[in-house]
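# An overview of the molecular structure
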Amino acid sequence: MTVDASSPPAIDAVPLRHPWRWVAAIVIVVLVVLFLYGAATNDAYGWATYRKYLFDQRISAGAWYTIQLTVLSMVLAVALGVLLAVMRLSPNPVFKSVAWVYLWIFRGTPVYVQLVFWGLVPTLYKNIQLGVPFGPSLFHLNLQDLSINFTLAFVGLGLNEAAYMAEIIRAGISSVPEGQSEASTALGMSWSMTMRRTVLPQAMRVIIPPTGNEFISMLKTTSLVTAVPFSLELYGRARDISGVIFEPIPLLMVAATWYLAITSVLMVGQFYLERYFSRGASRKLTTKQLEALADAQTLGLGGGQP
Amino acid sequence: MTPMVKAESVCKSFGALKVLKGVTLEIDKGQVLVLVGPSGSGKSTFLRCINHLEQVNAGRLYVDGDLIGYRERGDKLHEMPPREAAKQRRNIGMVFQHFNLFPHRTALDNIIEAPIQVKGVKKAAAIARGKDLLEQVGLAEKATAYPAQLSGGQQQRVAIARALAMDPKLMLFDEPTSALDPELVGEVLAVMKKLASEGMTMVVVTHEMGFAREVADQLVFMDGGVIVESGKPREVLSNPQHERTKAFLSKVM
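Since the model is a prediction, treat every value here as computed from it, not as a measurement. (Residues numbered from 1 in each chain as written. Chains lettered and ligands numbered in written order. Predicted model: local features only at pLDDT ≥ 70, side-chain atom pairs only at ≥ 80, totals over all residues. Heavy atoms only, no water.)

## A word on helix α7 (residues 178–186) of chain A
- By the burial criterion, the buried members of α7(A) are G179(A), Q180(A), E182(A), A183(A), S184(A) and A186(A).
- Along its buried surface, α7(A) packs onto α8 (191–221) of chain A together with α1 (43–50), α2 (82–89), β8 (92–95) and α5 (152–164) of chain B. (Buried < 20%, exposed > 50% of the residue type's maximum accessible area, 1.4 Å probe, protein only. Helix = DSSP H or I, 4+ residues; strand = E, 2+ residues; numbered from the N terminus. Contact = heavy atoms within 4.5 Å.)

Structure (structure tokens):
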């Protein structure tokens, strides 16, 4: 194969037209504009109140609590979920059954009911101590403390979510071909090293998209922590304010705007994570590799295949 | 001299299915043994028993004098803890039919993974050795390529380099060319021939009779979980004694 001056010119064809796409787009734009105009001119929406409370300090503090609850409960859920998934897949029958019972209980009862239960734990146990029996105490948690509700809220959400994360992670692990762990075993790797170095990194490609989903879903599930009761987060705060000023709609819009903004940020993070863990999954060369090949081709001009 | 592999009536069954019914053989150091036979004859299972990917049910299997998979105390055998089994496998390289390269690691990273993680080799030393091995299998320029970007033959050569990186005293090949396009078989066989000429002890399950004739010191024909016939490859191939061997060879040659 040689590249010379007589090679034919590049094709300059008329691109295929898509008139119906334009029609559909115009119809939708018109409908959206009509709706926005209607909403903007409707006093019942209370846009003045919306603007007043959108950046209210209580609301942004509530959003911060919501983010904290989401992140802390998801960190707990992922850590515990990995542990449960690995336990379910391990050859050890004790681990297997413990993980199964955990999933049975935490997936089998509604999260709202679980949160109410965690809120009632302080009436069951006055405090939690970790230490040597009849000896010194290493860790002490006073459940009568008023600020305990935040901890109970994120622990409650995290323990529930862990059951779902365990299933997502298990599906990811099962998606990695058996030959992979066999090759690792044949190289002398232990079971745990095989999991950590070979199986889990490949499972991540399958695990990340549904985990992103769960993360976003958790952001909104935090509005249920009022069951604990904990009401300093975004939705609780918005509802408290609307209860005082008797204007529920603008405050709902305020909360929705914040939820949407945080979700958008999370989606960007998910995009980059997915790209990182899909390394090697495609035969397509990266831009860098393509450039290197093109350079080699230019250098060896007329030399045929790079 | 202790043989590299010594099998004494090795049996293996999966549930009620008996796959190996007493396989006895010996492979000396530096020898190449080629295992042939129809599919389902138990040759891959026997290979997998040698590095304890499958647990032997009866008989004894020794690699370089070490009993595989069990510890002998008095007249009782104890199952070996996974950690010790892993230690035994470090010295035995294995190459698979479907390569089983780690798709999320580049060619070089595939090779240096086990030396660094399992043997604790320093990263710089592992990389130097890895590049050296890639050069030996003729893929020096593919160090940064991911497996999906390599042809089957290239992937299998990286897989051989990966196994060699652990400095094994024995190499097992489980139908290394069966999943390859015909024009790619040669490049993998060439690497294996070179390895054999350098004195590596090898057990090869293959259908490449040309390779067997040229490289093998010993040819073993298996059928139905037993060794039907074995000997010098030229003799077995040109003058098979057993009916089943004749029938098989007439189909593959």
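## Side note on the interface of chain A and chain B
- If you look at the interface, chain A gives 22 residues, while chain B gives 27 residues.
- Taking both sides of the interface into account, the surface hidden between chain A and chain B amounts to around 2200 Å²; carbon and sulfur atoms contribute 55%.
- When the area that chain A buries against chain B is broken down by residue, the three leading residues are A186(A), L187(A) and R197(A), summing to 27%.
- For the interface between chain A and chain B, the tally reads 2 salt bridges.
- The partner of E113(B) in a salt bridge is R197(A), and the shortest N-O contact between them spans 2.8 Å. (Buried area = accessible area lost by both parts, 1.4 Å probe. Salt bridge = Lys/Arg side-chain N within 4 Å of Asp/Glu carboxyl O.)

## With respect to the packing of aromatic side chains
- Summed over all chains, the structure comprises 13 aromatic pairs over all chains.
- Pairing F55(A) with W258(A) gives two aromatic rings, centres 6.4 Å apart and planes at 75°, and the pair type is edge-to-face. Remark: W258(A) occurs in helix α10 (residues 248–277) and F55(A) occurs in the loop between α2 (47–54) and α3 (57–89); sequence separation between them is 203 residues.
- With a centroid separation of 6.1 Å and 55° between ring planes, the pair formed by F150(A) and F154(A) is classed as tilted. Here the residue F150(A) and the residue F154(A) both occupy positions in helix α6 (residues 148–174), the gap between them amounting to 4 residues, near one helical turn. We note that F150(A), like F154(A), is buried.
- Each residue in the set Y65(A), F150(A), F154(A) and F230(A) is aromatic and connected to the rest through ring pairs, giving one cluster.
- Positioned above the aromatic ring of F14(B) is the side chain of K12(B), whose terminal nitrogen or guanidinium carbon lies 5.0 Å from the ring centre.
- Across the ring face of F102(B), the terminal group of R162(B) is positioned such that the distance to the ring centre comes to 4.6 Å. (Phe/Tyr/Trp six-rings, centres within 6.5 Å; stacked < 30°, edge-to-face > 60°. Lys NZ or Arg CZ within 6 Å of the ring centre and 35° of its normal.)

## Concerning unusual backbone geometry
- Looking along the chain, the bond that leaves V228(A) and enters P229(A) is cis, with omega of 10°.
- With respect to the secondary-structure elements, P229(A) resides in the loop between α8 and α9 (234–245).
- Unlike most non-glycine residues, N100(B) shows phi in positive territory, near 55°.
- According to the relative accessible area criterion, N100(B) is buried, its value standing at 12%.
- Its identity is not glycine, yet D167(B) carries a phi of approximately 50°, on the positive side.

## A look at the environment of Q31(B)
Residues and elements named next belong to chain B.
- Among the structural elements, Q31 can be located in the loop between β2 (17–27) and β3 (32–36).
- By relative accessible area, Q31 is classed as buried at 19%.
- Placed 73 residues apart in sequence, Q31 and H104 show a C-alpha to C-alpha distance of 35 Å.
- A polar contact is formed between the side chain of Q31 and the side chain of Q218, at a distance of 3.5 Å. (Polar contact = N/O pair within 3.5 Å; in protein donor to acceptor, adjacent residues only side chain to side chain.)

## Quick notes on the sheet that holds strand β4 (residues 58–63) of chain B
Residues and elements named next belong to chain B.
- Strand order across the open sheet formed by 4 strands is β2-β1-β4-β5, with antiparallel pairing between neighbours. Strands with a single pairing partner mark the edges of an open sheet, and in this sheet they are β2 and β5 (66–67).
- Bridge analysis of strand β1 (residues 5–14) against β2 gives 8 bridges, and the strand direction is antiparallel. Looking at β2, one finds that S13 is bridged to K18.
- Its contacts with the sheet put α1 on β1, β2 and β4, and the angle it makes with β2 is roughly 65°. (Pairing = 2+ DSSP bridges. Axes fitted to C-alpha atoms, helices over the stretch in contact; angles between N-to-C directions.)

## Quick word on the nonpolar core
- Among the nonpolar cores identified, the biggest contains 51 residues, and V34(B), I160(B), M171(B), F173(B), M192(B) and M202(B) are the most heavily contacted of them.
- Considering each element in turn, this core owes the most residues, 8 residues, to helix α6 (residues 182–197) of chain B.
- The contacts of M192(B), once residues within four sequence positions are left out, are I160(B), F173(B), P176(B), M202(B), V204(B) and F211(B).
- M87(A), L103(A), W118(A) and V199(A) belong to the second largest nonpolar core, which has 41 residues in total. (Core = buried A, V, L, I, M, F, W, Y, C linked by side-chain atoms within 4.5 Å.)

## Focus on the pairing of β8(B)
Residue and element names in this part refer to chain B.
- What you see with β8 is no split at all: I92 and M94 on one side and G93 and V95 on the other are buried throughout.
- Relative to strand β9 (residues 170–174), β8 runs parallel, the two sharing 4 bridges. Paired with V95 across the two strands is F173, which belongs to β9.

## Re the side chain of T106(B)
Residues and elements named next belong to chain B.
- Turning to its location among the elements, T106 is positioned in the loop between β8 and α3 (107–119).
- The class for T106 is buried, based on a relative accessible area of 11%.
- Once you skip the residues sitting within four places of it in the chain, T106 turns out to touch A143, T144, A145 and Y146.

Just distances and angles here, no functional claims.
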